[in-house]
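Given next are the chains, with one letter for each unit.
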Amino acid sequence: EPEVTQTPSHQVTQMGQEVILRCVPISNHLYFYWYRQILGQKVEFLVSFYNNEISEKSEIFDDQFSVERPDGSNFTLKIRSTKLEDSAMYFCASLRDRAPGWNSPLHFGNGTRLTVT
Amino acid sequence: QKEVEQNSGPLSVPEGAIASLNCTYSDRGSQSFFWYRQYSGKSPELIMFIYSNGDKEDGRFTAQLNKASQYVSLLIRDSQPSDSATYLCAVNLDSGGYQKVTFGTGTKLQVIP
């Protein structure tokens, strides 16, 4: 079964550094998402991406964050200047093409654990 | 504010019992509802989805939806220790042509052998 793959599985960075988290969504999917989960807390929506542009973003997704689909397969999340509170698990997810009833569920990657020191 | 609410638990049930997990949502425009299971340190794994009022059964799992009450639940029959995990309720909303999935805080389930 096709999978969403994320790299790296664990990223450690120093405060103020830039990080790029990478995702390869399932090939025939059209909607892409980033979520994050701070340890012990809920899965929080960051941003959705469709047709090569952001379709929606949360209040968490401020100017320090950006997303890109540079080559038609990868989907990246960049944090320009990391803060301690950015430490979390970041999940990429994708959704297949809209079907009648469009009840297609999100497929999650295994996540990248980001630790900011 | 659009929210999905769950009791954080922990919900403890003995092995072999029925576990009942509940979720309410605030946006009446919500159209699809999902239950994900998340083991500690792992990504959410889809176990059920439902979009019509009533019950949907899949093996030991039954999802129940009541749109009038804005309530969705998950029943796990014959609970096993391996079912011990956090169960996330998720609600899908068609937001102007884009799909947005919002998660609840999750209910931690402990199945006691």
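Counting restarts for each chain: residues are numbered from 1 in the order of the written sequence. Numbering of ligands from 1 and lettering of chains from A proceed in the order in which they are written. Given that this is a predicted model, residues contribute local features only at a pLDDT of at least 70 and side-chain atom pairs are listed and counted only at 80 or more, while totals for whole chains, interfaces and linings are drawn from all residues. Each side-chain value is derived from all of the structure's non-hydrogen atoms; neither hydrogens nor water enter the calculation.

## Overview of the side chain of A:Gln37
- Working definition: helices are DSSP H or I runs of at least four residues, strands are E runs of at least two. Numbering for both runs from the N terminus. As for its placement among the helices and strands, A:Gln37 is situated in strand β4 (residues 29–37).
- We call a residue buried when its accessible area falls under 20% of the maximum for its residue type, exposed when it is over 50%, and partly exposed in between, using a 1.4 Å probe and counting protein chains only. Residue class for A:Gln37 comes out buried when judged on its relative accessible area of 14%.
- Within the local environment of A:Gln37, its side chain forms a polar contact with the backbone oxygen of A:Gln41, the two atoms lying 3.0 Å apart.
- For A:Gln37, the contacting residues outside a window of four places in its chain are A:Lys42, A:Val43, A:Ala88, A:Met89, A:Phe91 and B:Gln38. Pairs of N or O atoms within 3.5 Å make up the polar contacts considered here, provided that, within protein, one atom can donate a hydrogen while the other can accept it, and that residues adjacent in sequence are counted only when both atoms are side-chain atoms. We call two residues contacting when some pair of their heavy atoms lies within 4.5 Å.

## Focus: the environment of A:Phe61
Residues and elements named next belong to chain A.
- Position of Phe61 among the secondary structure elements: in the loop between β6 (53–57) and β7 (65–68).
- Expressed as a C-alpha distance, the spacing of Phe61 and Pro105, which sit 44 residues apart in the sequence, is 23 Å.
- Residues within four places of Phe61 in sequence aside, it is in contact with Leu46, Val47, Ile54, Ser66, Val67 and Leu77.

## A few points about unusual backbone geometry
- Here the amide bond leading from A:Thr7 into A:Pro8 is cis, since omega sits at -10°, within 30 degrees of zero.
- Assignment of secondary structure puts A:Pro8 in the loop between β1 (5–7) and β2 (10–13).
- A cis amide bond links B:Gly9 with the next residue in sequence, B:Pro10, at an omega value of 10°.
- Here B:Pro10 lies in the loop between β1 (4–5) and β2 (11–14).

## Let's talk about the nonpolar core
All names here are of chain B.
- Nonpolar cores are built from buried Ala, Val, Leu, Ile, Met, Phe, Trp, Tyr and Cys residues. Side-chain atoms within 4.5 Å join them into one set. Core analysis: the largest hydrophobic core is formed by 23 residues, its most contacted members being Phe33, Trp35, Val72, Leu74, Ile76, Tyr87 and Leu109.
- Listing elements by their share of this core, those giving two or more residues are β3 (19–25), β4 (32–38), β5 (45–50), β7 (61–66), β8 (71–76), β9 (85–95) and β11 (107–112).
- In contact with Tyr87, not counting residues within four places along its chain, are Gln6, Leu21, Trp35, Tyr36, Arg37, Ile47, Leu74, Ile76, Gly106, Thr107 and Leu109.

## Observations regarding the interface of chain A and chain B
- The interface of chain A with chain B comprises 24 residues on the first partner and 25 residues on the second.
- By buried area we mean how much accessible surface two parts lose on assembly, using a 1.4 Å probe and totalling the loss over both. Of the roughly 2,100 Å² buried between chain A and chain B on both sides combined, carbon and sulfur atoms contribute 56%.
- Salt bridge, as used here, is a side-chain nitrogen of Lys or Arg placed within 4 Å of a carboxyl oxygen of Asp or Glu. At the surface where chain A touches chain B, the tally comes to zero salt bridges.
- Joining chain A to chain B, the criterion identifies five residue pairs in polar contact (both at pLDDT 80 or more).
- Those elements giving two or more residues to the side of chain A that touches chain B turn out to be β4, β5 (43–50), β6 and β9 (88–96) of chain A.
- Looking at the side of chain A that touches chain B element by element, the count peaks at four residues for β4(A).

## Side note on the packing of aromatic side chains
- Each aromatic pair joins two rings of Phe, Tyr and Trp (for Trp, the six-membered one) with centres within 6.5 Å, and gets the label stacked for planes under 30 degrees apart, edge-to-face for over 60, and tilted for any other angle. The full count for this structure, using the stated rule, is 16 aromatic pairs over all chains.
- A centroid spacing of 5.8 Å and a plane angle of 65° characterise the contact between A:Phe108 and B:Phe103, whose relative ring orientation is edge-to-face. With one member in each of two chains, A:Phe108 in strand β10 (residues 107–108) and B:Phe103 in strand β10 (residues 98–103) form a pair that bridges those chains.
- For B:Phe103, a relative accessible area of 1% translates into the label buried.
- An aromatic cluster is defined as three or more aromatic residues linked by ring pairs; in this entry it consists of A:Tyr33, A:Tyr35, A:Phe45, A:Phe91, A:Phe108, B:Phe34, B:Tyr36, B:Phe49 and B:Phe103.
- Geometrically, a charge over a ring is one whose NZ (Lys) or CZ (Arg) sits within 6 Å of the ring centre while staying within 35 degrees of the ring normal. Sitting over the face of the ring of B:Phe49, B:Lys56 holds its NZ or CZ atom 3.7 Å from the ring centroid.
- A cation sits over an aromatic face here: B:Arg60 above B:Phe61, 5.5 Å from the ring centre.

## Re the sheet that holds strand β6 (residues 54–58) of chain B
- A strand pair is defined by DSSP finding two or more bridges across the two strands. A sheet is described by the order of its strands in space; here five strands give the open sequence β1-β3-β8-β7-β6 (chain B), paired in antiparallel fashion. Both outer strands of the open sheet, β1 and β6 of chain B, are each paired with one neighbouring strand and no more.

## What to know about the layout of surface pockets
- There is about 450 Å³ of room inside the second largest pocket.
- Space inside and on the surface of the protein is sampled on a 1 Å grid over the protein atoms alone, with a cavity defined as a set of points where a 1.4 Å probe fits but cannot get out and a pocket as an open set with protein on both sides within 12 Å along at least 5 of 7 lines; lining residues have an atom within 4 Å of a point. Forming the boundary of the second largest pocket are 22 residues, of which A:Gln37, A:Gly40, B:Gln38, B:Ser40 and B:Thr86 lie nearest the centre.
- When residues are sorted by character, Ala, Val, Leu, Ile, Met, Phe, Trp, Tyr, Cys and Pro go into the nonpolar class, Asp, Glu, Lys and Arg into the charged class, and all the rest, Gly among them, into the polar class. The residue inventory of the lining of the second largest pocket, partitioned by class, reads seven nonpolar, 11 polar and four charged. Grid points are joined across faces, edges and corners, and a volume is the space filled by probe spheres set on the points.

## Details of the state of the cysteines
- Two cysteine sulfurs form what is called a disulfide whenever their separation falls within 2.5 Å. By the definition in use, this model includes two disulfides over all chains.
- For A:Cys23, the disulfide goes to A:Cys92, at an S-S distance of 1.9 Å. Note on the A:Cys23 and A:Cys92 pair: the S-S dihedral is about -65°, so by sign convention the disulfide is left-handed. Linking A:Cys23 in strand β3 (residues 19–24) with A:Cys92 in strand β9, this pair joins segments that are 69 residues apart in sequence.
- Relative accessible area serves as the criterion here: at 1%, A:Cys23 is assigned to the buried category.
- For A:Cys92, a relative accessible area of 0% corresponds to the buried category.
- The residue that forms a disulfide with B:Cys23 is B:Cys89, at a sulfur-sulfur distance of 2.1 Å.

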